[in-house]
Amino acid sequence: MASRNNWATELRSYLPWTKSPLLISAPMGGFAWSTLATSVSLAGGLGLIGCLNDMSQLSTQLTQARSTFASSSNPSIQASKTLPLGIGFLAFICKAEDVVPMIKEFKPAVVWLFAAKRLGDYKGWIEALRSASPETKVWVQVGNVEGALHVAKDARPDAICLQGADAGGHGFEKGAGVISLVPEAADALKREGCVDIPLLASGGIVDGRGVAAALALGAAGVAMGTRFLASKEVSIHPVAQAAVIEAEDGGQVTKRSKLFDQLKGPNIWPEAYAMPGYEVDLS
Ligand SMILES: Cc1cc2nc3c(=O)[nH]c(=O)nc-3n(C[C@H](O)[C@H](O)[C@H](O)COP(=O)(O)O)c2cc1C
């Protein structure tokens, strides 16, 4: 029977430079580039680049990452058979056929998929990525139990990240926090016999207490995004970074809605998604 401990062992088998517990910097499109991803991996976590559907920009970033890792003296980074980072793709905007050549060329340790238009889309993505680079593992982030069950049975990713309602960036407009989502999804997956896919948690985890809680709930590692918006290595406007650092009582000052996407132009996100922002009174 799979457990959090043997999931952690499995994850370390292909992320040999990582320390325990597994800490992941989430792929934040437009914010998480190679400087952040390589720093996190070199510190013993798994850093992810967030791709914005520009493959030439991604290629530049991956070339930069490759040279940063090449100059590292860390033996487990040097011994890695894959590029010791991950790349996140938004499945509703990126096309698998554009991504595949990148994965073939750079062989990242992990590809992270999120926000497909339909849950059934992940299967084709995963097959295409696995044939492009069999060493690369493919993870999918989902925001509810139904998504976890569907993806586990149909697409069979190498890990599932359960994104709770506290998450920064886009997520399901309606959702539960990790404290109920992780155990409910773990139980549902167990009932269906899907115990071999490691679970990760994301959403509102910012320090050791949150990490410990996620591990206690059954996750084998955690992904954090907002926490890294406060780092020196992230690409963010200083005013936006100051607002993140200064925010207090976050549940009161932020609101998850579609407003930001609507203001930016036609909202291209799948119907279920929204994102948190500072609450503004437009009345
Ligand atoms: C600024 C920002 C941008 C994000 N962009 C992406 C993205 O491009 N792709 C993705 O899969 N997740 C993205 N996310 C969501 C993360 O994958 C993750 O679910 C989230 O950061 C976890 O919650 P936390 O921010 O409370 O740590 C983003 C998150 C933030 C904060």
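In what follows, the structure referred to is the one given above.
We now turn to the structure provided with this report.

Rules used in this analysis
- Residues numbered from 1 in each chain as written.
- Predicted model: local features only at pLDDT ≥ 70, side-chain atom pairs only at ≥ 80, totals over all residues.
- Heavy atoms only, no water.
- Buried < 20%, exposed > 50% of the residue type's maximum accessible area, 1.4 Å probe, protein only.
- Helix = DSSP H or I, 4+ residues; strand = E, 2+ residues; numbered from the N terminus.
- Pairing = 2+ DSSP bridges.
- Right-handed = clockwise from strand over helix to strand, strands pointing away.
- Core = buried A, V, L, I, M, F, W, Y, C linked by side-chain atoms within 4.5 Å.
- Near = heavy atom within 4 Å.
- Polar contact = N/O pair within 3.5 Å; in protein donor to acceptor, adjacent residues only side chain to side chain.
- Areas by Shrake-Rupley, 256 points an atom, 1.4 Å probe, with all protein chains shown as cover.
- Nonpolar A, V, L, I, M, F, W, Y, C, P; charged D, E, K, R; others polar.
- Axes fitted to C-alpha atoms, helices over the stretch in contact; angles between N-to-C directions.
- Contact = heavy atoms within 4.5 Å.
- Parallel < 35°, antiparallel > 145°, perpendicular 65-115°, else oblique.
- Left-handed = near helix turned anticlockwise from the far one by under 90°.

Across a regular strand the side chains alternate sides, sitting on one face of the sheet and then on the other. Strand β4 (residues 108–114) sits mainly inside the fold: seven of its seven residues count as buried. Two elements, strand β3 (residues 83–90) and β4, share six bridges in a ladder whose sense is parallel. The partner of Gly-86 across the bridge, within β4, is Val-110. Tracing the backbone out of β3, into helix α5 (residues 96–106) and back to the parallel element β4 gives a crossover that is right-handed. Sheet analysis places β4 next to strand β5 (residues 137–142), joined by five bridges and oriented parallel.

Turning our attention to the nonpolar core. Nonpolar side chains in soluble globular proteins tend to be buried together. In terms of nonpolar packing, the biggest core is built from 90 residues, with Phe-89, Leu-113 and Trp-139 touching the most fellow members. Per element, the largest residue contribution to this core is seven residues, and it comes from helix α8 (residues 178–191).

All right, on to the site of the ligand then. For the ligand, the set of nearby residues contains 20 residues, the closest of which are Gln-141, Gln-163, Gly-204, Gly-225 and Thr-226. Here an oxygen atom of the ligand sits 2.5 Å away from a polar atom, N or O, in the side chain of Thr-226. Expressed as a share of its isolated accessible area of 600 Å², the protein-covered part of the ligand is 92%. Here the residues of the shell around the ligand are counted per class, giving nine nonpolar, ten polar and one charged.

The eight strands are arranged β1-β2-β3-β4-β5-β6-β8-β9 in a closed barrel whose pairing can be described as parallel. Going across the sheet, the axis of each strand differs from the next one's by a mean of 25°, ignoring polarity. By the bridge criterion, four bridges tie strand β6 (residues 159–163) to strand β8 (residues 199–202) in an arrangement that is parallel. Its bridge partner being in β8, Leu-162 is matched across the sheet by Ala-201. Packed onto the sheet, α5 meets β3 and β4 and runs at close to 175° relative to β3.

To continue, consider the packing of helix α3 (residues 55–70) against α5. For any two helices packed against each other, the geometry comes down to the angle between their axes and how far apart the axes lie. At a closest axis distance of 11 Å, the pairing of α3 and α5 adopts a crossing angle of 15°. Considered as vectors, α3 and α5 are oriented roughly parallel to each other. The interaxial crossing formed by α3 with α5 has right-handed handedness. Together, Met-55, Leu-58, Ser-59, Leu-62, Thr-63 and Arg-66 of α3 and Asp-98, Val-99, Met-102, Glu-105 and Phe-106 of α5 make up the contact between the two elements. In terms of residue class, the contact of α3 with α5 is built from six nonpolar, two polar and three charged.

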